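Overview (structure and organization)
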Protein chains: 2
Amino acid sequence: MASSPSALSLTETSSLLALSLACFAIITNTFHGDGAPLVASLAFSGIAFAGSYSMIRWLGPAFMKAGLKGKDLSKVHKKEIPETMGAVCAVVYLLVITIFIPFPFYKDIVAATSGGGNRDVVMETIEHVQTGRFLHRFPHSKLASYLSAILTIQSISILGIGDDLFDIRWRHKFFIPGIASIPLLIVYFVDFGVTHIVVPIPLRPYLGDLLQLGFLYYVYMFAIAIFCPNSINILAGINGIEVSQSLVIAFLLVVNDCYYLLAPYPHPATDSHLFSLYMLLPFIGVSLALLVHNWYPSKVFVGDTYCYFAGMVFAVVGILGHFSKTLLLLFIPQIFNFVYSAPQLFRLVPCPRHRMPRFNARTALMESSVTEWQHPPKKPIAMLLKLLHRLHLLRVTENEEGTIIESSNFTMLNLWLVWFGPKREDRLAIEILVMQVLVGLAGLFIRHNFALLLFESDNVGV
Amino acid sequence: MASSPSALSLTETSSLLALSLACFAIITNTFHGDGAPLVASLAFSGIAFAGSYSMIRWLGPAFMKAGLKGKDLSKVHKKEIPETMGAVCAVVYLLVITIFIPFPFYKDIVAATSGGGNRDVVMETIEHVQTGRFLHRFPHSKLASYLSAILTIQSISILGIGDDLFDIRWRHKFFIPGIASIPLLIVYFVDFGVTHIVVPIPLRPYLGDLLQLGFLYYVYMFAIAIFCPNSINILAGINGIEVSQSLVIAFLLVVNDCYYLLAPYPHPATDSHLFSLYMLLPFIGVSLALLVHNWYPSKVFVGDTYCYFAGMVFAVVGILGHFSKTLLLLFIPQIFNFVYSAPQLFRLVPCPRHRMPRFNARTALMESSVTEWQHPPKKPIAMLLKLLHRLHLLRVTENEEGTIIESSNFTMLNLWLVWFGPKREDRLAIEILVMQVLVGLAGLFIRHNFALLLFESDNVGV
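Residues numbered from 1 in each chain as written. Chains lettered and ligands numbered in written order. Predicted model: local features only at pLDDT ≥ 70, side-chain atom pairs only at ≥ 80, totals over all residues. Heavy atoms only, no water.

**A look at the overall build of chain A**
Applicable threshold: In DSSP terms, a helix is any run of H or I states spanning at least four residues, a strand is any run of E spanning at least two, and both are numbered starting from the N terminus. We get accessible surface area from the Shrake-Rupley algorithm with a probe of 1.4 Å; when it comes to residues, only the shown protein chains can shield them.
Of regular secondary structure, chain A possesses 19 helices and nine strands. In the form shown here, chain A has an accessible surface area of approximately 20400 Å², with 67% of it arising from carbon and sulfur atoms.

**So, the relation of the copies chain A and chain B**
The condition is simple: Copies are brought into register by a least-squares superposition over C-alpha atoms of residues with pLDDT of at least 70 in both.
Mapping chain A onto chain B leaves a residual RMSD of 0.0 Å; the transformation is a rotation of 180° accompanied by 0.0 Å of translation along its axis. Both chain copies can therefore be described as sitting about a two-fold axis. Within chain A, the C-alpha atom positioned nearest to the axis of rotation is that of Ala144(A), 2.4 Å from it.

**Notes on the packing of aromatic side chains**
Residues and elements named next belong to chain A. What counts is decided by this rule: A pair of aromatic rings is counted whenever rings of Phe, Tyr or Trp (Trp by its six-membered ring) have centres within 6.5 Å, and the orientation is called stacked for planes under 30 degrees apart, edge-to-face for over 60 and tilted otherwise. Three exposure classes are used, based on accessible area relative to the maximum for each residue type with a 1.4 Å probe and protein chains only: buried under 20%, partly exposed in between, and exposed over 50%.
All chains considered together, the criterion is met by 58 aromatic pairs over all chains. Each ring, one from Phe 283 and one from Tyr 306, has its centre 6.2 Å from the other, and the planes form 20°; the classification is stacked. Of this pair, Phe 283 sits in helix H13 (residues 270–294) while Tyr 306 sits in helix H14 (residues 303–320), and the two are 23 residues apart along the sequence. Accessibility assignment for this pair places Phe 283 and Tyr 306 in one class, buried. On the basis of an interplanar angle of 75° and a centroid distance of 5.4 Å, the ring pair of Phe 283 and Phe 314 is categorised as edge-to-face. Taken together, the residues span a long stretch of sequence, with Phe 283 in helix H13 and Phe 314 in helix H14 at a distance of 31 residues. Through pairs of rings, three or more aromatic residues link up here, namely Tyr 93, Phe 174, Phe 175, Phe 227, Phe 283, Tyr 306, Phe 309, Phe 314, Phe 331 and Phe 338.

**Some details on the sheet that holds strand S7 (residues 370–372) of chain A**
Residue and element names in this part refer to chain A. Note the cut-off: For two strands to count as paired, DSSP must find a minimum of two bridges between them. Axis angles are defined between N-to-C directions and span 0 to 180 degrees, where every axis is a line fitted to C-alpha atoms and, for a helix, only to the segment in contact.
As summarised here, the arrangement of the three strands in space is S7-S9-S8, forming an open sheet in which the pairing is antiparallel. Looking at which strands have only one partner, the edges of the open sheet turn out to be S7 and strand S8 (396–398). For this sheet the average axis-to-axis angle between neighbouring strands, irrespective of direction, equals 20°. Bridge analysis of S7 against strand S9 (residues 404–408) gives three bridges, and the strand direction is antiparallel. When the sheet's bridge partners are listed, Val 370 is paired in S9 with Ser 408.

**Remarks on the interface of chain A and chain B**
The parts lose accessible area when they come together, and the size of an interface is often stated as this lost area. Heads up, the rule is: By definition, residues are in contact when any of their heavy atoms lie within 4.5 Å. Two parts placed together each lose some accessible area; with a 1.4 Å probe, that loss summed over both constitutes the buried area. Each reported salt bridge corresponds to a side-chain nitrogen of Lys or Arg within 4 Å of a carboxyl oxygen of Asp or Glu. Polar contacts here mean pairs of N or O atoms no more than 3.5 Å apart (in protein, one a potential hydrogen donor and the other a potential acceptor; neighbouring residues in sequence count only if both atoms are side-chain atoms). For this scheme, ten residues count as nonpolar: Ala, Val, Leu, Ile, Met, Phe, Trp, Tyr, Cys and Pro. Four count as charged, namely Asp, Glu, Lys and Arg, and the remainder, Gly too, count as polar.
Chain A puts 42 residues into the contact, and the matching count from chain B is 42 residues. Roughly 3800 Å² of surface becomes buried between chain A and chain B when both sides are summed, with 84% attributable to carbon and sulfur atoms. Counting every contact that joins chain A to chain B gives zero salt bridges. Across the chain A-chain B interface, the total number found is two residue pairs in polar contact (both at pLDDT 80 or more). Put simply, the parts of the chain that give the side of chain A that touches chain B at least two residues each are helix H2 (37–65), helix H3 (86–99), helix H4 (102–112), helix H6 (143–166) and helix H9 (182–190) of chain A. In terms of residues, the side of chain A that touches chain B owes the most to one element, H6(A), which gives 12 residues. Looking at the side of chain A that touches chain B residue by residue, the class counts come to 30 nonpolar, 10 polar and two charged.

**A closer look at H14(A)**
All names here are of chain A. The criterion, for reference: Multiplying 1.5 Å by the residue count of a helix minus one yields the expected span of that helix.
For H14, with 18 residues, the first-to-last C-alpha span of 26 Å sits near the 26 Å given by 1.5 Å per residue. Where burial is concerned, most of H14 is hidden: 18 out of the 18 residues are buried. Following H14 by one or two positions, His 322 has its phi on the positive side, about 55°.

**Points about the nonpolar core**
Counted only if it meets this: Note on terminology: a nonpolar core comprises buried Ala, Val, Leu, Ile, Met, Phe, Trp, Tyr and Cys residues joined through side-chain atoms within 4.5 Å.
Residues Phe314(A) and Phe314(B) are the most contacted members of the largest nonpolar core, which totals 204 residues. If sequence neighbours within four positions are ignored, Phe314(B) has contacts with Ile232(B), Ser246(B), Ile249(B), Ala250(B), Leu253(B), Leu280(B), Phe283(B), Leu327(B) and Phe331(B).

**Some remarks on the pairing of S9(A)**
Residues and elements named next belong to chain A. The pairing of S8 with S9 spans three bridges and is antiparallel. If you follow Val 396 over to S9, its bridge partner there is Ser 407. Hairpin remark: S8 followed by S9, antiparallel, with five residues in the connecting loop; positive phi at Gly 402, about 80°.

**What about the packing of helix H11 (residues 215–234) of chain B against helix H14 (residues 303–320) of chain B?**
All names here are of chain B. Stated precisely, the cut-off is as follows: Each crossing gets its hand from how the near helix is turned against the far one by less than a right angle, where anticlockwise is left-handed and clockwise is right-handed.
One way to put it is that H11 packs onto H14 with a least axis distance of 7 Å and a crossing angle of 145°. In this structure, H11 crosses over H14, and the sense of that crossing is right-handed. When H11 is examined against H14, the residues Met 221, Ile 224, Ala 225, Cys 228, Pro 229, Asn 230, Ile 232 and Asn 233 are found in contact with a partner set consisting of Asp 304, Cys 307, Tyr 308, Ala 310, Gly 311, Met 312, Phe 314, Ala 315 and Ile 319. Here the residues of the contact of H11 with H14 are counted per class, giving 13 nonpolar, three polar and one charged.

**A look at the pattern of salt bridges**
All names here are of chain A. Within this structure, the stated rule accounts for 26 salt bridges over all chains. With its nearest N and O atoms 2.6 Å apart, the salt bridge here joins Glu 425 to Lys 75. Of the two residues, Glu 425 is situated in helix H19 (residues 425–454) and Lys 75 in the loop between strand S1 (69–71) and strand S2 (80–82); the sequence distance between them amounts to 350 residues. Look at Glu 425 and you get buried, because its relative accessible area is 2%. Note that Glu 431 and Lys 423 form a salt bridge whose closest N and O atoms lie 2.9 Å from each other. A single network of salt bridges, built from pairs that share partners, joins Asp 72, Lys 75 and Glu 425.

**Digging into unusual backbone geometry**
Residue and element names in this part refer to chain A. Here the amide bond leading from Tyr 296 into Pro 297 is cis, since omega sits at -10°, within 30 degrees of zero. With respect to the helices, strands and loops of the structure, Pro 297 is situated in the loop between H13 and H14. Residues other than glycine seldom take positive phi values, yet Ala 364 does so here, at roughly 60°. Looking at where Ala 364 falls in the secondary structure, it is placed in the loop between strand S5 (358–360) and strand S6 (365–367). By relative accessible area, which is 34% here, Ala 364 ends up partly exposed. Although it is not a glycine, His 392 adopts a positive phi angle of roughly 60°.

**Points about the environment of Val88(A)**
All names here are of chain A. By secondary structure assignment, the location of Val 88 is in helix H3. Looking at Val 88, the relative accessible area reads 5%, which means it is buried. It is 9.1 Å that separates the C-alpha atoms of Val 88 and Leu 290, two residues lying 202 residues apart in sequence.

**Here we look at the packing of helix H13 (residues 270–294) of chain B against H14(B)**
Residues and elements named next belong to chain B. Cut-off, in case you're wondering: Our angle categories are set so that under 35 degrees counts as roughly parallel, over 145 as roughly antiparallel, 65 to 115 as roughly perpendicular, and the remainder as oblique.
Relative orientation of the contacting elements H13 and H14 amounts to 165°, with a least axis distance of 10 Å. Judged on the interaxial angle alone, H14 and H13 are roughly antiparallel. For the pair H13 and H14, the sense of crossing is left-handed. Between H13 and H14, the residues in contact are Phe 275, Ser 276, Met 279, Leu 280, Phe 283, Val 286, Ser 287 and Leu 290 and Tyr 306, Phe 309, Ala 310, Val 313, Phe 314, Val 316, Val 317 and Leu 320, respectively. Looking at side-chain class alone, the contact of H13 with H14 contains 14 nonpolar, two polar and no charged residues.

Geometric descriptors of this kind do not, in isolation, establish any biological role.
Encoded structure:
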């Protein structure tokens, strides 16, 4: 137990307390005053940070006692640390975005009805809403879809905890986010779901301006909901990478959201991006708190729960905000890693239990991990592997007869190490993150500058 | 592992499969046809039964492996069996009531708008709804409160699992349902919450016809949400009692709901009681499946998760259905047990870790368990204990000097054994349940026949 000192230091306690008090003051002010939900959301995110920071620390021993612990294999001293700490973040996050509900929704109601709960009264102040007086507020009719977002994130948290507890097999795990997305899809269906998409200009002669996807649109949303959590879950294996890659995506999404908020109001996409901000800011709060404890050298592990939770926050934001294509632009490293992993995931190539980079205790550096071929690969696979090796997309070791005896594991982290040689764990994480930021910014740049080549009006165009 | 044979027998498999297929057929029919959500709800409950029955069996070994197991102390052979099986019921239940959403909500929308998702279009068929054509359907505006119910039940399930994993202390546990009720209260607040109550006739000269409770109404709902789950959690300790007492309450609530459905439509309370049925029928499904495995001699334990989950289903139904007073009438045995337990819960009397009846291995019967007084009780407490003994509300043992050395534990189950002597575990459970049914029926009888003495119109009156 001494290995996880669960008490907060005096500095920590006083800083967290000061932060919380300041945030509480802002929230009280916002609720009584004319109100600015975005300011309240920022304050709530501060509380989410302070809350999960302390809870992660305090609950460490309880998690260890309940058997939620693991050994960090990439260290010289392989001591046990608490695992599944993402569950703490998820619970704090869910509590915070639930308590936040009255801020974007309530005042709108008070202002737009005669009061006293008369829903029938015609909204007299609707023009105020349109002209920006009530900017940052949602109409009451959007409450159901906000709630379905919370429900889905809560479902993935329960199922993630189940996964961490029971160590579910990969081929079952894969569909867990699909089950969790059911509330989202069901409410989308009941709540007047839009299932058409705008067709890119070059295809319009064939498909028309709008394409009604109907049932296929649900399949598409389902696929996004399965992809995002799983792709974060498999880009893992070194300290801090799960949380920090999620933070990079979250920050880039926030940048993208702010871009829309600066556009002149009223704008059709503003509400979607406000919704996105309200979901992402507290997520950034809890994730930062987790990163402090999970960054190299890790004092806690995040568990599959965190990866699922984070991925589902993004999926929900992208789906309900109707910017899932932009979302996928920010997932390019994860998509690459997913596609690159496919040969092992689908067992074309042997897949060991762990594919993370190997820790070399002598140099204290991470090296590319390998899969040993017990039986030499079949001819076409051997040729493919050698081709990949030639293209610098794999490292293959052959014996004297030219038979492949081992190949590096098919993950982006291993490939990075094949390219740039062994390096310390945190250095590897930082390089991957820098790459991710650059790729993400490039994606956003392309999306906002070249989208007009494919679509006649950008969402931002006034 | 041999102690929990997790495979279903051939008879079980074929019966469950037949049941599921029949239910699927009904659901498909209902969705395509003109629709009767109540029929669909019954069919969903059948699937909920089959689903949780099989999952409880299949997941037994995984639960044991994850450390979720316990010993049954009231048996000669104290073998370990899986614990926290209520979590399985809760997850199946949540999935089922989520998938059920389009049945009470969707058709209403299609019928009441011009289609194509135009929410603005004036509802032309509103009269149909009023005249019973769309009986058993909810207006779309109720979706948010239905979702908040699911959210709250889901929250209590997460927190219940946390409780079972971490063995939280009693004084913290007590408030867990309060945290879980936050989504319910918040949405109630945002969603035009009614916070006035009808004043009983004798008090009207002083308070008026309607009393605006405002903030206090939220305190009241919060209290109900804390009370129901906790009161079921402490009326526990013998095989099957948690599930069967919940089933009795659920059945009596269903009887009460049906009473309203038989009243001429349109009736203001119909929607509330339909909502109640839609929540309770699948609950009965999953609970029956659990009872089969938890009844004497138990093959699985239910965990705090089940007690919280069950209590929260009742709280949600009572609060959103606006019949919490009737609900409390069905909780009379639990209220008695809660009040009777208070001296030990609040440590006026020493409280051992377990207060359940004691198993006498020689007779194989359950006996009243006792607390030993290490130090003799203080004078006023001793007098009170002796008074309770005289009133047959406790059994006290004194030494030769008249000092109390032990007293029976303050639970209804122990008191029952004090009154009627030792008996076998299942016999005790059955007697308590019969008493509960009789008290509950008496409560409903009084409520529907004498309420007019206190209120000028019963909800049922046309």
